[in-house]
Amino acid sequence: MAGEPQADCLFCKIVAGEVPATVVRETETTVAFRDINPQAPTHVLVVPKAHYRDAATLAAAEPQLTADLLREAGEVAAEDKVVGTGYRIVFNTGSGAGQTIWHAHLHVLGGRGLDWPPG
Ligand code: 5GP
Ligand code: ZN
């Protein structure tokens with residue numbers, strides 16, 4: 001069923017506490033944790049607790065939950081003190097864009113200069 005945990009999903013396991021992660025924030029609907037392979041001084045992933053395969057699927061099914069993720073991205077940036085210098089919110093969608101985990105998530109990247117357009 002839409003949103004149900006998937007047995008083979010790494011981020012469902014992190015949400016359930018079955019795989020350890022450095023959690024920086026948690027709400028009723030979201031979890032934010034540090035990326036295991038950080039690409040910037042601040043590199044945090046924000047995920048919905050419910051399982052959706054990508055950002056567009058999540059947005060179509062659960063607009064409020066999508067907004068929750070974006071609000072949490074802002075809270076993470078504030079806690080990591082990167083609001084002043086700027087930060088980037090990224091949803092890689094599809095393998096051609098670098099998506100490797102098929103549980104919707106956004107990246108919060110900051111704490112260094114960020115080129116535009118990205119590579
Ligand atoms: P994607 O490439 O799908 O947009 O992002 C997946 C991210 O998950 C990558 O940046 C990768 O480093 C991160 N990642 C993969 N496995 C783990 C893990 O076990 N723990 C954490 N904290 N991050 C992970
Ligand atoms: Zn999942």
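Just above sits the structure.
Keep in mind that this is a model prediction, so the values were computed, not measured.

J.: Sorry, what's going on with the environment of Ile89 here?
T.: In this structure, Ile89 sits in strand E4 (residues 87-90). With relative accessibility at 34%, the residue Ile89 sits in the partly exposed group. Put simply, Ile89 and His43 are 46 residues apart on the chain and 9.9 Å apart in space, counted from C-alpha to C-alpha. Ignoring any residue separated from it by four or fewer positions in sequence, one finds Ile89 in contact with Leu70, Ala73, Leu106 and His107.

J.: Looking at this structure, how should I read the side chain of His51?
T.: Tracing the chain through its elements places His51 in the loop between strand E3 (42-48) and helix H2 (55-61). Of note is the side chain of His51, whose polar atom sits 3.4 Å from the backbone oxygen of Trp102. Ignoring sequence-local partners within four residues, the contact set of His51 consists of Gly3, Glu4, Pro5, Gln6, Cys9, Cys12, Trp102 and His103.

J.: Help me understand the coordination of the zinc ion (ligand 2), please; the structure alone is not making it clear to me.
T.: For a metal bound by four donors in tetrahedral geometry, the ideal donor-metal-donor angle is 109.5 degrees, whereas six donors in octahedral geometry ideally sit at 90 or 180 degrees. Binding of the zinc ion (ligand 2) to the protein goes through Cys9 (SG), Cys12 (SG), His51 (ND1) and His103 (ND1), at separations of 2.1 to 2.3 Å. In this structure, the zinc ion (ligand 2) is surrounded by 4 donor atoms whose angles at the metal cover 106 to 115°, and the resulting shape is tetrahedral. Read in sequence order, the donor residues coordinating the zinc ion (ligand 2) give the pattern C-x2-C-x38-H-x51-H. Taken together, the residues Cys12 in helix H1 (residues 10-16) and His51 in the loop between E3 and H2 connect sequence positions 39 residues apart. For the pair Cys12 and His51, one class covers both residues: buried.

J.: What should I look at first to understand the layout of surface pockets in this one?
T.: The gaps left among the atoms become clear once a water-sized probe is rolled over them. Approximately 680 Å³ is the volume found for the largest pocket. Together, 29 residues line the largest pocket, and Asp35, Asn37, His43, Leu45 and His107 are the ones closest to its centre. Taken together, the elements giving at least two residues each to the lining of the largest pocket come down to H1, strand E2 (30-34), E3, E4 and strand E5 (106-110). Here the lining of the largest pocket gets 3 residues from one element, more than from any other, and that element is H1. Its residues assigned to classes, the lining of the largest pocket comprises 14 nonpolar, 10 polar and 5 charged.

Basis of the calculations
Residues numbered from 1 in each chain as written. Chains lettered and ligands numbered in written order. Predicted model: local features only at pLDDT ≥ 70, side-chain atom pairs only at ≥ 80, totals over all residues. Heavy atoms only, no water. Helix = DSSP H or I, 4+ residues; strand = E, 2+ residues; numbered from the N terminus. Buried < 20%, exposed > 50% of the residue type's maximum accessible area, 1.4 Å probe, protein only. Contact = heavy atoms within 4.5 Å. Polar contact = N/O pair within 3.5 Å; in protein donor to acceptor, adjacent residues only side chain to side chain. Donors = N, O, S within 2.8 Å, 3.2 Å for Na, K, Ca; no water. Tetrahedral: all angles 85-135°; square planar, octahedral: opposite > 155°, others 65-115°. 1 Å grid on protein atoms, 1.4 Å probe; cavity = no way out; pocket = protein on both sides within 12 Å on 5 of 7 lines; lining within 4 Å. Points joined across faces, edges and corners; volume = space filled by probe spheres on them. Nonpolar A, V, L, I, M, F, W, Y, C, P; charged D, E, K, R; others polar.

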